[in-house]
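Structure assessment
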Amino acid sequence: MKIAKSRLNKALALAIATSAIGLTACEKNNSQISGSQPVVEQTAVAKMTRQNSESLFEDYAKMRAQQVSNVTYNLQVTLDNKTESFAGITDLNFDLAANNQNDLTIDFDSGTVNSVKVNGKAVSFTYEKWFITVPASELAEGKNTVTVDYQRPYATDGSGLHRFVDPENGEVYLYTDFEPYDANRLFPHFDQPDLKAKYTMQVTAPSHWKVITSVRETAVEQQGENSVWDFPESAKFSSYIFSLHAGNYAVWEDTFEDIPLRLFARQSLAEYVKTEEWFEPTKQSFKFFNDYFEVRYPFVKYDQIVAPDFNAGAMENVAAVTFNEGYIARGEKSTLAKMSLANVIAHEMAHMWFGDLVTMRWWNGLWLNESFATYMANLAINEASDFDNAWDVFYSGTKQWAYRSDDSVNTHAIELPVPSTGDALTNFDGITYGKGASVLKQLPYYLGEENFRVGVSNYLKKFSYKNTELDDFIGELGKAAGKDMTQWTQDWLYNAGLNTIKVNYQCSDNKISQLNIEQTAPADYPTLREQRVQVGLYNYADNKMSLTTAIPVTYKGANTEVTAAIGQACPDLVYPNEADWGFVKVDLDDKSLASVEKHINAVESTTMRLMLWQSLSDSVRDANLAADKFVHFAIANIEGETDYNVVRKIAGSLTTALRYLTTATRLEQKDYSDLYRDVENLYLRLLEKAEAGSDLQKMWYSRYVSMSKSDNHLKNLLDVLQGEKSYDGLTIDQDKRWNILAQLNRYQHGNYAALLEAEKVKDNSDSGIKSAIYAEVLRPEEQVKAKWFDVVVNNPENLKLSTLRYIMWGLFPSDQGKLEAPYKAKILAHIPKLNEGSDLELLSAFTGSMLPRECTAESETELAKLVVEYKDMKPQALKSVKAQHQNVERCVKALKLLK
């Protein structure tokens, strides 16, 4: 997944940090060619010169896939726990196309190349920082072996081969993270998904380390202080899902049928690992996927490695999946946190088939990998796990991410051109994951559940160990269902934009006499789509709003008449996406909206209540409903709601609406301080009323801490921190302590500085160090801002990217605009410098966190100008400024509604 390779946003990262087939006989030598294409003899490869860039471009990758074939790699890697670089020798074995006119380039980022040999003979070569070039004249037609002797520094940004030193015990841990184009930061090779290869590896490492990759070792030989690990030839797969992890990891073992299972984590985290949270969902997911796909797991063993400093949520390396350490909690997890882990485990496992066994040819196909894994994970959790309400959680999380993304200035078609690997990095987003998964979720309703399953199974069987294009997948679905998918594909996958539907109906003699679904589209994305939904008709009686009838209907075009509704009882509430079959925004008719305002807690269906609250929240975001009106409505109704997922939705939406009100207060538009205090008091009351040890208690505690800023509530937090106040059933673990300290420092309450220094002594873990930095950075003090801004811009201590992120998240919160103002020019001056460099991760993190965002017309105008100025910058910068401009634009509109 790269869950998400959109790279953990602030909310997710802080929440995680503080919470919680044996088909080898079918394989063919030409498998790097797309499954849908016939095999052709290449008589000549067009002449092409490679662009000197940190990215690989698609046109060049296409040429190279014609230039070389039948690739295998022999790797020798030498690791240690003392120096900051590693060494290796790689043999690249391949066939060179006939009549080759092009020099051969070998991807290798920012290392040192000691020598290059071709077929055992030293040859001349050039090295341009990002790739090695071997002249065409040095190569022979047919079989070749190129041997590269090299060195490279370990990475500190979480990509390539990353090195982490545990501050608690000094142990060194290494892991790899490659997607989309960082495998060449471990070893020189052809780093593109359609040049699948087999890998043989020998690793020399300190003798007390464990070494993990896609296969189990065949031998480990002691040599002095080191051990030499021999790994046999692997299956054939793309290099971005190859891996190498090493260090003194703690290990736990289990099995599922004949599949060995292992779990790895740092020694200093071992006491917090609850193995049942990992192995049970792993076994449940294996059983479900083996049965559903009718293709048995193809990679012999299955390891899961919990890695420090990991940028994403998880990554689907073949048989050696990596996870963010945030999935290990130092306290008690909520059911939702456990479910989230189970979902990620299922997502990464689904990739073993969809992404690893069968792989996209190029990065335009990324969405299918990620969308499919996202959909299948939720299906597995719903069908084969111990958790309830999986689709409600999907709706309120992943699907809302999709809706927000598709309703943004950065929306794009699900299937779109991706010119380079740099562009691919920016597509790990809500469209690729959320919208794609939501679109796939509707297909079983459209095609039939079994037809969909058979199409997926046939696709995996037909294209095992190969690369495919979109048409290969859609073609198998169409065949299984006997349905032409051409128009569906064009509408849903090649066109961007979020449609809205609204029901228009008439009643006569208390019966429906006419009911139509009206569909609209944004002006910039005018496609009207076809999909199958249910129209839910609800009636209010005996203090209950109950579903009377759910009518399945396939709508298309601007207007669809629902004849099956005629004669039904005249409803009090109509919802045209009952049970959330479709991917569409719903605009409630006036009568239904009035019913919601009167009887929202009387709606019997929890899923419907969830969707209705979401509709109200969307209205605030779209500036169709005043934020203060929503806050009053939420306060009046939240205590009448009992479902955890619905309560979470209300609380989250309430927090968002309150941001508009605190902004209005800060800008002296209107003082909402009393209303804010009402919410603080409400959250404390709900915390005190919650059942001891319940999920609701955990949730309300977290919400209360994040909301508290009045002196009496900050004093309450201080009492909790110092053990003078407690709540039955709630343990104040170390991560909860850091949350309190962050709040006390942000609002300079009590002896906040001394308290922070004392806590640093108690917790010198990696998580503790980052949390301490974050708490300090939050302080509204000029000298603090100056100190940490210099660190972000100049990084004199060479801090890791994971640490820099914490600093950027805390540096200028929205209520510290006056402290941010002197840095605005410096921030804007630094962005072009980052854009000129090659660190796309840092560019994305800086622009995503540091762009000015004051909710004023002046700020909106400034950002609009930046959108024009940044039009030729890398997509990481351009997308960030466009998103920030839209956010400010939305905020300005929302403030105008406040009376």
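This structure is a prediction, so every number in the text was calculated from the model and none was measured.

A few points about the packing of aromatic side chains
Scanning all chains against the criterion turns up 49 aromatic pairs. One residue, Lys 441, lies across the ring of Trp 391, its end atom 5.0 Å from the ring centre. Lying over the aromatic face of Tyr 446, Lys 483 brings its terminal NZ or CZ to 4.7 Å of the ring centre.

Observations regarding the pairing of strand S8 (residues 142-153)
Taken together, the twelve bridges between strand S2 (residues 85-96) and S8 define a ladder with antiparallel strand orientation. Each residue of the ladder has a partner; that of Ala 87, found in S8, is Gln 151. Pairing analysis gives six bridges linking strand S4 (residues 112-118) to S8, with the strands arranged antiparallel. Within S8, the residue paired with Lys 117 across the bridge is Thr 147.

Description of the nonpolar core
Residues Leu 79 and Trp 353 are the most contacted members of the largest nonpolar core, which totals 150 residues. Broken down by element, this core gets its largest block of residues, ten residues, from helix H5 (residues 366-384). Ignoring sequence-local partners within four residues, the contact set of Leu 79 consists of Phe 86, Tyr 154, Leu 161, Leu 174, Val 203, Thr 204, Ala 205, Pro 206, Trp 209, Leu 244 and Ala 246.

Notes on the sheet that holds strand S9 (residues 160-165)
Reading across from one edge, S9-S10-S15-S12 is the order of the four strands in this open sheet, with antiparallel pairing throughout. Across the chains shown, the open sheet's two edge strands, defined by having one partner strand only, are S9 and strand S12 (210-212). Neighbouring strand axes in the sheet, compared pairwise and without regard to direction, differ in orientation by 10 degrees on average.

Focus: the environment of Ala 564
In this structure, Ala 564 sits in the loop between strand S27 (559-561) and strand S28 (573-575). Accessibility expressed as a relative area gives 48% for Ala 564, which makes it partly exposed.

Quick look at the packing of helix H26 (residues 840-850) against helix H28 (residues 875-896)
In contact at an axis separation of 9 Å, H26 and H28 are set at 10 degrees when each is read in the N-to-C sense. Taken together, the axis directions place H26 and H28 in an arrangement best described as roughly parallel. Relative to H28, H26 is oriented so that their crossing is right-handed. Where H26 approaches H28, its residues Leu 840, Leu 843, Ser 844, Thr 847 and Gly 848 are matched on the opposing element by Gln 876, Ala 877 and Ser 880. Of the residues in the contact of H26 with H28, the class split is three nonpolar, five polar and no charged.

Topic: unusual backbone geometry
For the bond from Glu 179 to Pro 180, the omega torsion is 0 degrees, close enough to zero to count as cis. Along the polypeptide, Pro 180 turns up in the loop between strand S10 (172-177) and strand S11 (197-206). Phi at Tyr 465 takes a positive value of approximately 65 degrees, unusual for a residue other than glycine. Structurally, Tyr 465 is set in the loop between helix H9 (449-462) and strand S22 (467-468). For Tyr 465, a relative accessible area of 3% gives the class buried. Notably, Ala 579 is not glycine yet its phi reads approximately 65 degrees, a positive angle. Mapped onto the fold, Ala 579 is located in the loop between S28 and strand S29 (585-586).

Overview of the confidence of the model for the protein chain
Within the protein chain, residue pLDDT values average 94, and 95% of them lie at 70 or more. Low pLDDT (under 50) marks residues 5-42, which in the prediction has 99 contacts with non-local residues, meaning those over four places away or in another chain.

Let's talk about the pattern of salt bridges
Applying the stated criterion to the full structure yields 57 salt bridges. Between Arg 50 and Asp 107 there is a salt bridge whose closest N-O contact spans 2.7 Å. Taken together, the positions of Arg 50 in the loop between helix H1 (10-18) and helix H2 (58-67) and Asp 107 in strand S3 (residues 104-107) put the pair 57 residues apart, joining distant regions of the chain. For Asp 107, a relative accessible area of 0% translates into the label buried.

What to know about helix H17 (residues 695-707)
Here H17 contains 13 residues, and its C-alpha end-to-end distance of 18 Å stays within 8% of the 18 Å for a straight helix at 1.5 Å per residue. By the burial criterion, the buried members of H17 are Gln 697, Lys 698, Met 699, Trp 700, Tyr 701, Tyr 704, Val 705 and Met 707.

Considering the sheet that holds S3
Strand order across the open sheet formed by three strands is S3-S7-S6, with antiparallel pairing between neighbours. Bordering the open sheet on either side are S3 and strand S6 (126-127), each of which pairs with just one other strand. Note that S6 and strand S7 (residues 131-134) share two bridges and pair antiparallel. Its bridge partner lying in S7, Thr 126 is registered against Thr 133.

Description of the environment of Tyr 249
Mapped onto the elements, Tyr 249 comes out in the loop between strand S15 (245-247) and strand S16 (250-256). Along the backbone, Tyr 249 and Ala 265 are 16 residues apart, and their C-alpha atoms lie at a distance of 5.4 Å. Setting aside residues no more than four positions away along its own chain, Tyr 249 makes contact with Tyr 173, Leu 174, Tyr 175, Lys 210, Ile 212, Phe 264, Ala 265, Arg 266, Gln 267, Ile 305, Val 306 and Pro 308.

Focus: the layout of surface pockets
Space left empty within the atom packing is revealed by a probe, the size of a water molecule, rolled over the atoms. What the second largest pocket holds in volume is close to 1100 Å³. Taken together, 42 residues line the second largest pocket, and the ones lying closest to its centre are Ala 155, Thr 156, Asp 157, Arg 185 and Asp 839. The class makeup of the residues in the lining of the second largest pocket is 16 nonpolar, eleven polar and 15 charged.

Remarks on helix H13 (residues 606-621)
Taking 1.5 Å of rise per residue, 16 residues should cover 22 Å, and H13 covers 23 Å from first to last C-alpha, within 8% of that figure. Among all positions of H13, only Met 608, Arg 609, Leu 610, Met 611, Leu 612, Trp 613, Gln 614, Ser 615, Leu 616, Ser 617 and Val 620 are buried. Among the residues of H13, the N-terminal cap falls to Ser 605, whose side-chain oxygen and the backbone nitrogen of Thr 607 are separated by 3.4 Å. Just downstream of H13, Ala 623 is the residue with a positive phi angle, here 60 degrees.

Overview of empty space enclosed by the protein
Taken as a whole, the second largest cavity spans an internal volume of roughly 110 Å³. Together, 16 residues line the second largest cavity, and Met 360, Gly 365, Leu 368, Thr 468 and Glu 469 are the ones closest to its centre. At the level of secondary structure, the elements contributing two or more residues to the lining of the second largest cavity comprise strand S21 (359-360) and H5. Looking at which element gives the most residues to the lining of the second largest cavity, the answer is H5, with three residues. Across the lining of the second largest cavity, the residue classes break down as eight nonpolar, five polar and three charged.

What counts and what doesn't
Residues numbered from 1 in each chain as written. Predicted model: local features only at pLDDT ≥ 70, side-chain atom pairs only at ≥ 80, totals over all residues. Heavy atoms only, no water. Phe/Tyr/Trp six-rings, centres within 6.5 Å; stacked < 30°, edge-to-face > 60°. Lys NZ or Arg CZ within 6 Å of the ring centre and 35° of its normal. Pairing = 2+ DSSP bridges. Helix = DSSP H or I, 4+ residues; strand = E, 2+ residues; numbered from the N terminus. Core = buried A, V, L, I, M, F, W, Y, C linked by side-chain atoms within 4.5 Å. Buried < 20%, exposed > 50% of the residue type's maximum accessible area, 1.4 Å probe, protein only. Contact = heavy atoms within 4.5 Å. Axes fitted to C-alpha atoms, helices over the stretch in contact; angles between N-to-C directions. Parallel < 35°, antiparallel > 145°, perpendicular 65-115°, else oblique. Left-handed = near helix turned anticlockwise from the far one by under 90°. Nonpolar A, V, L, I, M, F, W, Y, C, P; charged D, E, K, R; others polar. pLDDT = per-residue confidence, 0-100. Salt bridge = Lys/Arg side-chain N within 4 Å of Asp/Glu carboxyl O. Expected span 1.5 Å × (residues − 1). 1 Å grid on protein atoms, 1.4 Å probe; cavity = no way out; pocket = protein on both sides within 12 Å on 5 of 7 lines; lining within 4 Å. Points joined across faces, edges and corners; volume = space filled by probe spheres on them. Polar contact = N/O pair within 3.5 Å; in protein donor to acceptor, adjacent residues only side chain to side chain.

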